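Descriptive structure summary
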Amino acid sequence: MQILRKLGFYVVALFAAVTLNFAIPRMLPGNPVDILLGKLAIQGPVAPATRHSLELLFGSDTTGSIWQQYGDYLKAISTGGFGISVTYFPTPVITVIGQALPWTLALVGLATFITFVLGISIGTFAGWKRGTWIDSIIPATTILQSVPYFWLALVLVYFLSVGAGLFPLSGGYDVRNTSPGLDGQFLSSALYYGFLPALTIVISSIGGWILGMRNMMVSTLSEDYVMTAEAKGLSPMRVMITYAARTAVLPSVAGFAISLGFVVGGSLIMEQVFSYPGIGNAFLLAVQNNDYALMQGLFLVITLAVLGANLLVDLLYVFIDPRTRARG
Amino acid sequence: MPEPINPESVDLLAAGPDARVAKGGGDSLRRLLTPKFVVGAVIVVAIVLFGIIVPFFTQNPRAIDNVGLTPPSAEHLLGTTQVGQDVFAQLAHATRGSLIIGVLVGALTLMLSALFGTLGAYIGGVTDEAFSLFTNVMLVIPGLPLIIVIQSYVPKKSIFLVILVLALTGWAGGARVLRAQTLSLRGRDYVLAARVAGEKRWRIIFVEILPNLLPVMSSGFVFSIIFAILAEAGLSFIGIGATGALTWGTMLANAQNGQALLFGGWWWFVPPGLMIALLGAGLSMINFSIDEVINPKLRTVNVAKLVKEAATA
């Protein structure tokens, strides 16, 4: 029941995102079809059918009723028919996304995981040692939290790449000496190139985890059951981890959704600084080139990824919080 | 159903129901005046004054000169940009621009989140279910990509459009926290008493419930200012912010396009980002202090010291 309710919510959310994607071009001024056809005409001859398919995609097609258009649109996107990218003409949008997605998934996924583990550990410790010097570094983490991702990226590139020459200026891997594939040389190159982008994500998003966890620890530690555990003479490590932290981590896990949204948004813009070959860079190229098909496809895929990650975390939550199972 | 919770609001929800209502008057004001609050307030006030007063006395921030990309000097306090514009003057005007956007988005967001947060929770039933579902859906759809898509479809991007879009996409977090608070308030004895006494519905919402939500709302207001300034900076950085505006984000975008990184022009791209970080830190410190007033559990004591004292006594 619990799980069904959750699934239902994500279906509604996905439906809302798809509908927003359909409605935005129809509600806002500007005619992307003319802009796009102009661009396409420069790159090569345009088939007459292209105009119609673009119109379908962007809502300037007035032949059918709005419901009919909506139906066509749903049919098109359910088969991955996001249209043709102008930026990477004449590659279909779905192919462009397929090439860019693994980069961002690996980068943001790994960085978020590292940040979560690190932030929760520091937060647990700071809450446990509340009122001491460790706790007093907490306000400093808010500075990190308010630093724009892309600015931190600029500063890191300036000092570590331009200044010290430790890291590459931009890109996702060594283009000259390696080619994408599952060999050690490529993977180590990708790790090396991905280090600074990942560091940027870790530094600028860790503050929220530390703070949230620290505050929950402080609240949890004042609970009677923690005092009972202490009174029983259990080892402090055991009280801290299996008694206090285990309960205190729940809101952080539940708050994953909002945090992930921020991380994804931040990394989208950050990728531009590094010219990282991921979703963010494709998104921004699409924005600069008025590539609406690519932009909307990317918006849907990003939303899908975020919703998927949240669903996963939510399902996980049911297993780590016994109360939700009892209630369901 | 355990719903995602904003880390900032966690402490509010964790506190007992009675902790949520500030006891009003001088007591909570005195408690608010912690060192954290004072430091935060000094930073914020300094930046606000800088944005209000200094632009009247600076050089023209857009005036072009042939001294491109020079380091800080007596004549140009923070050096010049690639086309010889005074960075200090730009910073002052950009501070004003970013602050205006931040405050207006904060105010709009507050109104929207109050509307969706309190109304549904007070009325209850299907209305609450619908408002709550809407809020959660808005919360889970990633905001920035949505903002970017909307912004790219509009040919003429005025500063008010940016403000409107940021507010329309940023209210959900606040609404959630307010809903939780309202749910706990509407069942209180004094609200029931007001209802029995025949007070009108709007009066109960505005006079009985809203004042008790003020601490939570102010914390949400502060948070949405930070959100708005960060989001605007991001939008301007990728070139789809308000056309012709001068904000911290447009400064950073110009610095990136002017290759400030490669030419070592730190004085161009470091100050705007630092201002954002400082303002954010100042506002968060104010937020912490508000949180500690609302939630007594967060007020910290040095446990180790207490134990030692108890042992020696």
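Treat the numbers as computed from the prediction; the structure is a model and nothing was measured.

Remarks on the packing of helix H9 (residues 184-221) of chain A against helix H12 (residues 256-274) of chain A
Residue and element names in this part refer to chain A. Their axes nearest at 10 Å, the elements H9 and H12 cross at an angle of 150 degrees. With respect to H12, the element H9 is oriented roughly antiparallel. Crossing hand, H9 versus H12: right-handed. Contact residues: Leu196, Pro197, Thr200, Ile201, Ser205 and Trp209 in H9; Phe256, Ser259, Val263, Ser267, Met270 and Phe274 in H12. Counted by class, the contact of H9 with H12 contains eight nonpolar, four polar and no charged residues.

Topic: the domain arrangement of chain A
Size of an interface: often given as the accessible area lost when the parts come together. All names here are of chain A. You can read the domains of chain A as domain 1 (2-78) and domain 2 (93-323). Computed from C-alpha coordinates alone, the two centres of domain 1 and domain 2 are separated by 32 Å. At the junction of the two partners, domain 1 supplies 19 residues and domain 2 supplies 15 residues. With both chains or domains summed, domain 1 and domain 2 bury close to 1600 Å², and 74% of this area falls on carbon and sulfur atoms.

Some remarks on the packing of aromatic side chains
Geometry of an aromatic ring pair is reported as the spacing of the ring centres plus the angle between the planes. This model, assessed by the stated rule, comprises 21 aromatic pairs over all chains. Ring plane angle 75 degrees and centroid distance 5.2 Å describe the contact between Phe9(A) and Tyr10(A), whose orientation is recorded as edge-to-face. Put simply, the rings of Phe167(A), Tyr192(A), Tyr193(A) and Phe195(A) pair up and form one aromatic cluster. Taking NZ or CZ as reference, Arg96(B) lies 4.9 Å from the ring centre of Phe56(B), over its face.

Let's talk about the interface of chain B and chain A
The interface of chain B with chain A comprises 63 residues on the first partner and 73 residues on the second. Buried surface at the junction of chain B and chain A, summed over both partners, amounts to about 6000 Å²; 77% is from carbon and sulfur atoms. Joining chain B to chain A, the criterion identifies zero salt bridges. At the level of secondary structure, the elements contributing two or more residues to the side of chain B that touches chain A comprise helix H1 (7-14), helix H5 (125-140), helix H6 (143-153), helix H10 (201-237), helix H11 (248-257) and helix H12 (266-294) of chain B. For the side of chain B that touches chain A, a count of residues per class yields 45 nonpolar, 12 polar and six charged.

A closer look at the side chain of Asp314(A)
Residue and element names in this part refer to chain A. Positionally, Asp314 belongs in helix H14 (residues 292-320). Buried and unpaired, Asp314 has Lys6 as its nearest opposite-charge partner, separated by 4.1 Å. In this view, Asp314 contacts Lys6 and Tyr10; residues no more than four positions away in its chain are not counted.

Topic: the pattern of salt bridges
All names here are of chain B. Inspection of the entire model under this criterion finds two salt bridges over all chains. Where Asp128 meets Arg179, a salt bridge forms, and the shortest distance between an N and an O atom there is 2.9 Å. Here Asp128, found in helix H5, pairs with Arg179, found in helix H8 (residues 172-186); they are 51 residues apart in sequence, far enough to count as distant.

Overview of the environment of Val46(A)
Assignment of secondary structure puts Val46(A) in the loop between helix H2 (32-43) and helix H3 (48-58). Between the alpha carbons of Val46(A) and Phe82(A) there is a distance of 18 Å; along the sequence they are 36 residues apart.

Topic: the confidence of the model for chain B
Residue and element names in this part refer to chain B. On average, chain B scores 80 in pLDDT, and the residues at 70 or more come to 84%. Scored below 50 in pLDDT, residues 1-24 makes 68 contacts in the model with residues more than four places away or belonging to other chains. Here the predicted complex scores 0.81 on pTM and 0.82 on ipTM.

Describing unusual backbone geometry
Negative phi values dominate among residues other than glycine, just as trans dominates among peptide bonds. All names here are of chain A. In the Ramachandran plot, Ser275 falls in the positive-phi region, its phi being about 45 degrees despite a non-glycine side chain. Within the secondary structure, Ser275 sits in the loop between H12 and helix H13 (279-288). The exposure class assigned to Ser275 is partly exposed, which follows from its relative accessible area of 38%.

Some remarks on the nonpolar core
Ranked by size, the top nonpolar core spans 152 residues in total, and within it Phe283(A), Leu166(B), Phe237(B), Trp248(B) and Phe269(B) carry the most contacts. It is H14(A) that contributes the most residues to this core, 14 residues altogether. Three or more residues apiece are contributed to this core by two domains, here domain 1 (2-78) and domain 2 (93-323) of chain A. If sequence neighbours within four positions are ignored, Trp248(B) has contacts with Ile47(B), Leu91(B), Ala94(B), Thr95(B), Ser98(B), Ile229(B), Pro272(B), Met275(B), Ile276(B) and Leu279(B). Counting 14 residues, the second largest nonpolar core, distinct from the first, contains Ala194(B), Ile204(B), Ile209(B) and Val216(B).

Quick notes on the environment of Leu169(A)
For Leu169(A), the position within the fold is in the loop between helix H8 (149-163) and H9. The class of Leu169(A) is partly exposed, set by a relative accessible area of 41%. Here Leu169(A) is in contact with Val157(A), Ser161(A), Val162(A), Phe274(A) and Leu262(B), once residues within four sequence places are set aside.

Quick word on the confidence of the model for chain A
Averaged over every residue, the pLDDT of chain A is 82; the share at 70 or more is 91%. At the level of individual helices and strands, chain A shows its lowest average pLDDT in helix H15 (residues 322-327) of chain A, which scores 67, and its highest in helix H10 (residues 224-231) of chain A, which scores 91.

Looking at H11(B)
Residues and elements named next belong to chain B. The buried count for H11 comes to seven of 10 residues, which makes it a mostly enclosed element. Listed in full, the buried residues belonging to H11 are Trp248, Gly249, Thr250, Met251, Leu252, Ala253 and Ala255. Looking one or two residues beyond H11, the residue adopting positive phi is Gln259, at roughly 60 degrees.

Quick look at the packing of H10(B) against H12(B)
Geometry of a packed helix pair, given as the angle between the helix axes and the separation of the axes. Residue and element names in this part refer to chain B. Relative orientation of the contacting elements H10 and H12 amounts to 165 degrees, with a least axis distance of 9 Å. Here H12 runs roughly antiparallel to H10, going by the angle between their axes. In the crossing of H10 with H12, the sense of the turn from one axis to the other is left-handed. Contact with H10, carried on its side by Pro215, Val216, Ser218, Ser219, Val222, Phe223, Ile225, Ile226, Ile229, Leu230 and Ala233, involves Ile276, Leu279, Gly280, Leu283, Ser284, Asn287, Ile290, Asp291 and Ile294 of H12 and no other residues of that element.

Points about the environment of Pro61(B)
Residues and elements named next belong to chain B. Among the structural elements, Pro61 can be located in the loop between helix H3 (35-53) and helix H4 (87-123). Its relative accessible area of 9% is what places Pro61 among the buried residues. For the pair Pro61 and Leu91, spaced 30 residues apart in sequence, the C-alpha to C-alpha distance is 8.4 Å. Once residues within four sequence positions are removed from consideration, Pro61 is found in contact with Gln85, Ala89, Gln90, His93 and Leu246.

Thresholds, definitions, all that
Residues numbered from 1 in each chain as written. Chains lettered and ligands numbered in written order. Predicted model: local features only at pLDDT ≥ 70, side-chain atom pairs only at ≥ 80, totals over all residues. Heavy atoms only, no water. Axes fitted to C-alpha atoms, helices over the stretch in contact; angles between N-to-C directions. Helix = DSSP H or I, 4+ residues; strand = E, 2+ residues; numbered from the N terminus. Parallel < 35°, antiparallel > 145°, perpendicular 65-115°, else oblique. Left-handed = near helix turned anticlockwise from the far one by under 90°. Contact = heavy atoms within 4.5 Å. Nonpolar A, V, L, I, M, F, W, Y, C, P; charged D, E, K, R; others polar. Domains from an automatic or database assignment. Buried area = accessible area lost by both parts, 1.4 Å probe. Phe/Tyr/Trp six-rings, centres within 6.5 Å; stacked < 30°, edge-to-face > 60°. Lys NZ or Arg CZ within 6 Å of the ring centre and 35° of its normal. Salt bridge = Lys/Arg side-chain N within 4 Å of Asp/Glu carboxyl O. Buried < 20%, exposed > 50% of the residue type's maximum accessible area, 1.4 Å probe, protein only. Lys, Arg positive; Asp, Glu negative; His and termini not counted. pLDDT = per-residue confidence, 0-100. Core = buried A, V, L, I, M, F, W, Y, C linked by side-chain atoms within 4.5 Å.

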